[in-house]
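# Coordinate inspection notes
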Amino acid sequence: MSEENITRIHMYDKEFILIGTAHISKNSAEQVKEVIEREQPDSVCIELDKGRYESITEGNKWKDTDIFKVIKEKKATLLLMNLAISSFQNRMAKQFGIKAGQEMIQGIESAKETGAKLVLADRNIQITFSRIWRGLGFKGKAMLLSQVFAGIFSNETITEEELEKMKNQDSIDSILNDFTEVFPQLKVPLIDERDQYLAEKIKNAPGEKIVAVLGAAHVPGIKREIEKKHDLKKLTEVPPKSKAPKVIGWMIPILILAVIAVTFFLNPTAGMQQTISWALWTGTLAAIGAALAFGHPLAIVTAFVAAPFTSLHPLLAVGWFAGFVQAYFKRPNVRDFENLSEDVFTLKGFWHNKVTRILLIIVLSNLGGSLGTFIGGADVIRLFIDHL
């Protein structure tokens, strides 16, 4: 059997066999099966966390999703990002007639068949996203979202040769490759920290012979990091939020309210103009966001009415209100959750499915409301200066 993409490491009285895979490669899945059957390892480590493992092994798990709970826990953007990345991976897998993550599925099945201990070796994807998100400014977050969605909805196909090159990137890295060139700090939580986490989990897997199924991008890092000691607790901490956004989030509405109050005192007519301008800018742009997601008419109206008030309170978001209304009148059914894996293949599907439409309404309404806050706030200050 070919040893291509296989790395063997002997240390700690153990043998570690690392299989570098592409997450959408049929050949990778076949190689995983061959290696595990031949080597009969004590443990099989796979590059999945508990959440992604359950997603793979429990195909109907989406049926149990409570969309209202997602909105309440402020996880709409995270869920949308996960679905978006899943869309990118599934689209390429479908192009080559295979199942996304087939090599991980094969690792799970082969571990069961050989009686090996299955080890979920990757860090929780939500923690990885949180550590990425906290390390980016507003511009970085906007670029990240645009880069991800541009990659997802591209109609370009990839060749077999390009697929093999993707063995040097994991599924998330392949989308964010250009982004990491602009923001190199993204590589730390996305690759380096996960290399350390994976290496520690693999090193501590039970038994004397360990097979690890990994995206090939992680193999060089794991070879380097497996000799070191890593603190898993530290690697899974979510960094505290910066106080600056919270301070700014309160300063802006206080400033706006103060300016309007002073203007009302000096010139009631100008104060009324400011109030109307603020309401129109924030409400209209939030409503446009909901409308772009083809929201229910009452969800669009809710966005328009709520935005002027939520924009003045940092702990509230107009998208939550618009999303709740949308979910109430157009509540997703079991079929919508069952069809998620297919609908997220296309831009049309994202807007057609009731689940993703709610998420889009939340995200786009919030974006519109935020834009309205800056434009409306600037106009409030302009009117204040004009009537001094």
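Residues numbered from 1 in each chain as written. Predicted model: local features only at pLDDT ≥ 70, side-chain atom pairs only at ≥ 80, totals over all residues. Heavy atoms only, no water.

In the annotation of an unreviewed UniProt entry, the protein chain is listed under the name TraB/GumN family protein and assigned to Cytobacillus stercorigallinarum.

### Examining the packing of helix 14 (residues 268-292) against helix 20 (residues 354-386)
Where we set the bar: Here an angle of 0 to 180 degrees is reported between the N-to-C directions of two axes, which are lines fitted to C-alpha atoms, with helices fitted over the stretch in contact. Helical segments are the DSSP runs of H or I of at least four residues, strand segments are the runs of E of at least two, and each set is numbered from the N terminus. The labels follow the angle: roughly parallel below 35 degrees, roughly antiparallel above 145, roughly perpendicular from 65 to 115, and oblique for the rest. For a crossing to be left-handed, the near helix must be turned anticlockwise from the far one by less than a right angle; the clockwise case is right-handed. Under the scheme applied here, ten amino acids are nonpolar (Ala, Val, Leu, Ile, Met, Phe, Trp, Tyr, Cys and Pro), four are charged (Asp, Glu, Lys and Arg), and all others, including Gly, are polar.
The contact between helix 14 and helix 20 brings their axes to 7 Å, and the two run at 160°. Between helix 14 and helix 20, the crossing angle belongs to the class labelled roughly antiparallel. The hand of the helix 14/helix 20 crossing is right-handed. Among the residues making up the contact of helix 14 with helix 20, the classes are represented as 13 nonpolar, twelve polar and one charged.

### A word on the packing of helix 16 (residues 318-329) against helix 20
To be explicit about the condition: Contacts: residue pairs with any heavy atoms within 4.5 Å of one another.
Where helix 16 meets helix 20, the closest approach of the two axes is 7 Å, and the angle between their N-to-C directions is 155°. Considering their axes alone, helix 16 and helix 20 lie roughly antiparallel with respect to each other. Two packed elements cross with a definite hand, and for helix 16 against helix 20 that hand is right-handed. Contact residues: helix 16 offers Val318, Gly319, Trp320, Ala322, Gly323, Gln326 and Ala327, while helix 20 offers Arg357, Ile358, Ile361, Ile362, Ser365 and Asn366. Of the residues belonging to the contact of helix 16 with helix 20, the class tally is seven nonpolar, five polar and one charged.

### Details of the environment of Gly323
Threshold: For every residue, the accessible area (1.4 Å probe, protein chains only) is compared with the maximum for its type, and the residue is labelled buried under 20%, exposed over 50%, or partly exposed between those bounds.
Mapping Gly323 onto the fold places it in helix 16. Given the relative accessible area of 0%, Gly323 is considered buried. Separated by 23 residues in the primary sequence, Gly323 and Ile300 have C-alpha atoms spaced 9.7 Å apart.

### Observations concerning the pattern of salt bridges
Stated formally: Definition used for salt bridges: Asp or Glu carboxyl oxygen within 4 Å of a side-chain nitrogen of Lys or Arg.
Under the criterion given, the structure shown has 17 salt bridges. Where Glu225 meets Lys228, a salt bridge forms, and the shortest distance between an N and an O atom there is 3.9 Å. A relative accessible area of 7% places Glu225 in the buried class. Among the ionic pairs, Asp379 bridges to Arg382, the shortest N-O distance being 2.8 Å. Taken as a pair, Asp379 and Arg382 lie in helix 20 at a separation of three residues, close to a single helical turn. Classification of Asp379 by relative accessible area gives buried; the value is 17%. Under the relative-accessibility criterion, Arg382 is labelled partly exposed at 40%. One continuous salt-bridge network, built from bridges that share partners, spans Arg8, Glu15, Arg38, Glu39 and Lys209.

### A short note on the UniProt feature "transmembrane region" (unreviewed entry) in the protein chain
Selection rule: UniProt positions are given in the numbering used here, feature names are shortened, and annotations may be inferred rather than shown by experiment.
As recorded in UniProt, the feature "transmembrane region" (unreviewed entry) lies at residues 247-266, 278-306, 312-329 and 358-385. The distance separating the terminal C-alpha atoms of residues 247-266 is 28 Å; by composition the span is 100% helix and 0% strand. When the span residues 278-306 is considered, its composition is 86% helix and 0% strand, and the gap between its end C-alpha atoms is 12 Å.

### Points about empty space enclosed by the protein
Short version of the rule: We place a 1 Å grid over just the protein atoms. Points where a 1.4 Å probe fits but has no way out form a cavity, open points with protein on both sides within 12 Å along at least 5 of 7 lines form a pocket, and any residue with an atom within 4 Å of a point lines it. Grid points are joined across faces, edges and corners, and a volume is the space filled by probe spheres set on the points.
Here the structure, examined in full by the defined rule, presents two cavities of 30 Å³ or more. Considered as a void within the structure, the second largest cavity measures approximately 40 Å³ in volume. Along its surface, the second largest cavity is lined by Thr263, Leu266, Asn267, Phe384, His387 and Leu388.

### Comments concerning the nonpolar core
What counts is decided by this rule: Joining through side-chain atoms within 4.5 Å is the link that ties buried Ala, Val, Leu, Ile, Met, Phe, Trp, Tyr and Cys residues into a set, and such a set is a nonpolar core.
The biggest cluster of nonpolar side chains holds 17 residues, and the ones touching the most others in it are Phe16, Leu18, Cys45, Ile202, Leu214, Ile222 and Ile226. Mapped onto this core, the elements with two or more residues apiece are strand 1 (6-11), strand 2 (14-21), helix 10 (187-203), strand 5 (209-215) and helix 11 (219-225). Non-local contacts of Ile222, meaning those with residues more than four positions away in its chain, are made with Leu18, Asp195, Leu198, Ala199, Ile202 and Leu214. In terms of nonpolar packing, the next biggest core, distinct from the first, is built from 15 residues, Val32, Ile36, Leu48 and Met104 among them.

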